[in-house]
Amino acid sequence: MLVVNTIEELQLFFEQQKGKSIGFVPTMGALHKGHVSLVEFSQQKCDITVCSIFVNPIQFNKQDDFTNYPKTLESDLKHLEAAKCDVVFCPSAQEMYPNKIEKDFDFGILSSVMEGEHRPGHFNGVAIVIERFFEIINPDFAFFGEKDFQQLAVVKEVAKQTGFNTKVMGAPTVREASGLAMSSRNLRLSEDEKIAAANISSELKYITLNKTAFNPQELKANYRDKIDANPFLKTEYIEIADGNTLLPVINWEDSDYPIAFTAVNVGEVRLIDNMTIIN
Ligand code: PAF
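The text that follows walks through the structure, step by step, so that each part is easy to find.

1. Describing the packing of helix α9 (residues 191–209) against helix α10 (residues 216–228)
Part 1: Running from N to C, α9 and α10 point in directions that differ by 160°, and their axes come no closer than 10 Å. Between α9 and α10, the crossing angle belongs to the class labelled roughly antiparallel. Our pair here, α9 against α10, has a crossing hand that is right-handed. Residues Asn199, Ile200, Glu203, Leu204, Tyr206 and Ile207 of α9 pack against Leu219, Asn222, Tyr223, Lys226 and Ile227 of α10.

Encoded structure:
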């Protein structure tokens, strides 16, 4: 497995691999089984898999979230080596952004609800880094986890708006045995917080199974009550929205693809998750 820090080294590698299809797995490190599953999807579809590790400063709307983002490069490289990733790109911020960054994407509703509303500027920062990676790597396929469902929708829009031919693919959320969605931020949870955080997925699951008994408002209110009753947890938002438009579902008849989306603060750590509601 080749590990490179510069665009020049990466492009030299691509020149030696001419004609081969490229799969791209962008990450911010602190890799877990969810990331490894994306590498495996890429390997099934493409000749070469490139994984990037870059904690993108411009997508953090809170400085302490950026500063405290887990960094585990040595074990990340071990995971990628074991997964037989071909090349790992670990650029510096200077390498990624040599010039002043000034671009304002317009994603309309996609970036103004839920994560967009609660993390101002976040999706613009994601879009800028993804466009930059696409420019450097020009991948045939790029793979993203469905835990960040809204990010996946935004990235599909980035590919469309910027004209890259990259096909953006989503992959299912990988969960701990407790149901907790795997996330790099889980590394920041204490044992007690980790146990408490498992309630996020069990309460989402309750929503997905109770469509016939309750309306969306009742299920959201119940979720908030249950989560906030746990001293370690505080709901930031719980939304039931259509998976295609991300518009809130007020009545079940409004959507044939409703998804429950949430962000919950577990102590100092903000976690997100989502689950598709069964018809
Ligand atoms: O999901 C992430 O880890 C990041 O938002 C991404 C896609 C690597 C962009 O920095």
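Moving on from the coordinates now.
2. A look at the environment of asparagine 186
Part 1: Take asparagine 186: it is sitting in the loop between β6 (167–171) and α9.
Part 2: Linking asparagine 186 and arginine 270, residues 84 residues apart in sequence, is a C-alpha distance of 9.4 Å.

3. Examining the pairing of strand β7 (residues 233–242)
One face of the sheet, then the other: side chains in a regular strand alternate in exactly this way.
Part 1: For β7, a buried count of 8 out of 10 residues is recorded, marking the element as mostly surrounded by other parts of the structure.
Part 2: Taken together, the 9 bridges between β7 and strand β8 (residues 258–266) define a ladder with antiparallel strand orientation. Across the sheet, the residue bridging to glutamate 239 is phenylalanine 261, located in β8.

4. As for the pairing of strand β2 (residues 22–27)
Part 1: The buried fraction of β2 amounts to 6 of the 6 residues, a majority that puts the element mostly inside the structure.
Part 2: Pairing of β2 with strand β3 (residues 48–53), which is carried by 6 bridges, proceeds in the parallel orientation. Note that in β3 the partner of phenylalanine 24 across the bridge is valine 50.
Part 3: On the question of chirality, the crossover connecting β2 to the parallel β3 by way of helix α2 (residues 33–45) is right-handed.
Part 4: Sheet topology note: the β2/strand β5 (residues 141–145) ladder contains 2 bridges and is parallel. Bridged to phenylalanine 24 within β5 is alanine 142.

5. Observations regarding the pattern of salt bridges
Side-chain pairs of opposite charge can arise where the charged atoms are in close proximity.
Part 1: The tally for this structure, following the rule as stated, stands at 14 salt bridges.
Part 2: The salt bridge partner of arginine 175 is aspartate 273, with a shortest N-O separation of 2.9 Å. Placement of arginine 175 in the loop between β6 and α9 and of aspartate 273 in strand β9 (residues 269–276) is noted, with a sequence separation of 98 residues between them.
Part 3: Residue class for arginine 175 comes out partly exposed when judged on its relative accessible area of 26%.
Part 4: The salt bridge partner of lysine 234 is aspartate 228, with a shortest N-O separation of 3.4 Å.
Part 5: One salt-bridge network, held together by shared partners, links Asp65, Arg119, Arg185 and Arg188.

Cut-off values and rules
Residues numbered from 1 in each chain as written. Predicted model: local features only at pLDDT ≥ 70, side-chain atom pairs only at ≥ 80, totals over all residues. Heavy atoms only, no water. Axes fitted to C-alpha atoms, helices over the stretch in contact; angles between N-to-C directions. Helix = DSSP H or I, 4+ residues; strand = E, 2+ residues; numbered from the N terminus. Parallel < 35°, antiparallel > 145°, perpendicular 65-115°, else oblique. Left-handed = near helix turned anticlockwise from the far one by under 90°. Contact = heavy atoms within 4.5 Å. Buried < 20%, exposed > 50% of the residue type's maximum accessible area, 1.4 Å probe, protein only. Pairing = 2+ DSSP bridges. Right-handed = clockwise from strand over helix to strand, strands pointing away. Salt bridge = Lys/Arg side-chain N within 4 Å of Asp/Glu carboxyl O.

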